[in-house]
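# An overview of the molecular structure
Letter by letter, the chains look like this.
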Amino acid sequence: MSNTNNTSSSQSSQKAQDSQHSQNSDNTHKTQGGTHRETHSRRPTPMEVLRQARSQLAELTGLAPESVSSFEETDDGWSLEVEVLELARVPDTMSLMASYQVELDPDGQLTGYRRVRRYERGRADARGGR
């Protein structure tokens, strides 16, 4: 009879553990779901957008962004001009640089990019001056 009592006790204990595990799983799921929704409903800050743009451009092009020379919010998201080192030379002032126009959606995800100009690091910008 002690076996029967132990079996009943074990089954009750197992049911309680299963029930608690199920509740914990539900709570975890709800918490994760809530966090997931909050992440998508919260708009990224300008600094988060800048970091994402630099990171995504580097991953796509294999080039390391050195600076962001323009940054603005648009009707479709964000637009940036990012300066990258395309070819390192010695001396460094002769290195080949490039400006990339980068477009991002409102969440900071890169939607497109294009190189708009190339120049030597040590050269003055001919577009705006005389």
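As a reminder, the structure under discussion sits directly above these lines.
Scope of this entry: the structure provided in the associated data block.

Thresholds applied
- Residues numbered from 1 in each chain as written.
- Predicted model: local features only at pLDDT ≥ 70, side-chain atom pairs only at ≥ 80, totals over all residues.
- Heavy atoms only, no water.
- Pairing = 2+ DSSP bridges.
- Helix = DSSP H or I, 4+ residues; strand = E, 2+ residues; numbered from the N terminus.
- Core = buried A, V, L, I, M, F, W, Y, C linked by side-chain atoms within 4.5 Å.
- Buried < 20%, exposed > 50% of the residue type's maximum accessible area, 1.4 Å probe, protein only.
- Contact = heavy atoms within 4.5 Å.
- Polar contact = N/O pair within 3.5 Å; in protein donor to acceptor, adjacent residues only side chain to side chain.

## Let's talk about the pairing of strand β1 (residues 65–74)
- In this sheet, strand β2 (residues 77–87) lies alongside β1 in antiparallel orientation, the contact comprising 8 bridges. Counterpart to glutamate 73 in the pairing with β2 is tryptophan 78.
- Connecting β1 to the next strand, β2, in antiparallel fashion are 2 residues.

## Points about the nonpolar core
- Counting 14 residues, the largest nonpolar core has Leu57, Leu80, Val82, Val84, Tyr100, Val102 and Leu104 as its most contacted members.
- Contributing elements (two or more residues each) for this core: α2 (46–61), β2 and β3 (96–104).
- Not counting chain neighbours up to four residues away, the residues in contact with leucine 57 comprise Gly62, Val82, Val84, Tyr100, Val102, Leu110 and Tyr113.

## What about the side chain of glutamine 101?
- Looking at where glutamine 101 falls in the secondary structure, it is placed in strand β3.
- By relative accessible area, which is 17% here, glutamine 101 ends up buried.
- For glutamine 101, the side chain forms a polar contact with the side chain of serine 79, separated by 2.5 Å.
- There is a polar contact of 3.3 Å between the side chain of glutamine 101 and the side chain of glutamate 103.

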